[in-house]
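Observations on chain architecture
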Amino acid sequence: MTVQGPETSSRRGRRSSTMGGMPLNDMPWWRWRSNVRSALHMLSDPPFQQNVWLAGVDGYGDVTDAVYRLVEDTWLDNWSADKYVGTIFRDAQEAALVDTAVLRVLRIMHQVGPDAQVSAYLDHPAWPEAVRAAREAHVRLSASDGEDPDTAPRTLEVLRIMTRAA
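Structural notes, computed from the coordinates.

With that settled, the discussion passes to the pattern of salt bridges. Tallied over the full model, the rule gives 12 salt bridges. Notably, a salt bridge pairs E129 with R132, separated by 2.3 Å at the nearest N-O pair. Of this pair, E129 and R132 both sit in helix α6 (residues 127-144), separated by 3 residues, roughly a single helical turn. The salt bridge partner of R154 is E147, with a shortest N-O separation of 4.0 Å. Each of R33, R37, R90, E94, D145, E147 and R154 takes part in a single network of salt bridges with overlapping partners.

Spelled out as structure tokens, the structure:
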């Protein structure tokens, strides 16, 4: 599946409104993309994990919440992100990076359990590799959307407001 060209676009020659710097209607399933990006962002940021998740700061969920946000609408725990090229992901490289991150994070989740303490994830020997994979995917998706990958993750409430705003 491919993204519609300008001649058939519903945008009618004007740039869509934005969420941060990302055009809201640029990808057909941009709300799903927003959730995947939010999860990857949190999973890819060790200082955030230490200062927010491990510290128990409200408003961001925990590791399990991020994993579910990553896979709940997309079913990326059941099939490849490549299925969503042109709807959630812009190209095969984005999809491949997301697949790698999903597989690494899910492997750890299955080993420690979905209800494990945050420290069980962060102390897992494979966690640094999962973080690196999530970071690669996060940076690629952020760059594609014209956003700075190094900004702090947004709260879940801000994410809900932004995805309702369109």
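With that out of the way, let us pick up the side chain of H138. Inspection of the secondary structure assignment puts H138 in helix α6. Polar contacts involving the side chain of H138 include one to the main-chain carbonyl oxygen of P149, which spans 2.8 Å. Leave out the neighbours within four places in its chain, and H138 touches R37, L40, H41, S44 and P149.

Now for the packing of helix α1 (residues 30-43) against helix α7 (residues 156-164). For any two helices packed against each other, one specifies the crossing angle of their axes together with the interaxial distance. Remark: α1 packs on α7, axes separated minimally by 10 Å, with the N-to-C direction vectors making an angle of 160°. Relative to α7, the element α1 lies roughly antiparallel. Handedness of the crossing formed by α1 with α7: right-handed. Here W30, R31, S34, N35, S38 and M42 of α1 lie close against α7, whose contacting residues are L156, L159, M162 and T163. Looking at side-chain class alone, the contact of α1 with α7 contains 5 nonpolar, 4 polar and 1 charged residues.

Across the interface, helix α4 (residues 92-112) lies against α6 with an axial gap of 8 Å and an inter-helix angle of 150°. The orientation of α4 with respect to α6, classified from their angle, is roughly antiparallel. Like other packed secondary-structure pairs, α4 and α6 cross with a definite hand, here left-handed. On the side of α4, the interface is formed by Q93, E94, L97, V98, T100, A101, R104, V105 and I108, while α6 contributes W127, E129, A130, R132, A133, A134, E136, A137, R140, L141 and S144. Of the residues in the contact of α4 with α6, the class split is 11 nonpolar, 3 polar and 6 charged.

Conventions and cut-offs
- Residues numbered from 1 in each chain as written.
- Predicted model: local features only at pLDDT ≥ 70, side-chain atom pairs only at ≥ 80, totals over all residues.
- Heavy atoms only, no water.
- Salt bridge = Lys/Arg side-chain N within 4 Å of Asp/Glu carboxyl O.
- Helix = DSSP H or I, 4+ residues; strand = E, 2+ residues; numbered from the N terminus.
- Polar contact = N/O pair within 3.5 Å; in protein donor to acceptor, adjacent residues only side chain to side chain.
- Contact = heavy atoms within 4.5 Å.
- Axes fitted to C-alpha atoms, helices over the stretch in contact; angles between N-to-C directions.
- Parallel < 35°, antiparallel > 145°, perpendicular 65-115°, else oblique.
- Left-handed = near helix turned anticlockwise from the far one by under 90°.
- Nonpolar A, V, L, I, M, F, W, Y, C, P; charged D, E, K, R; others polar.

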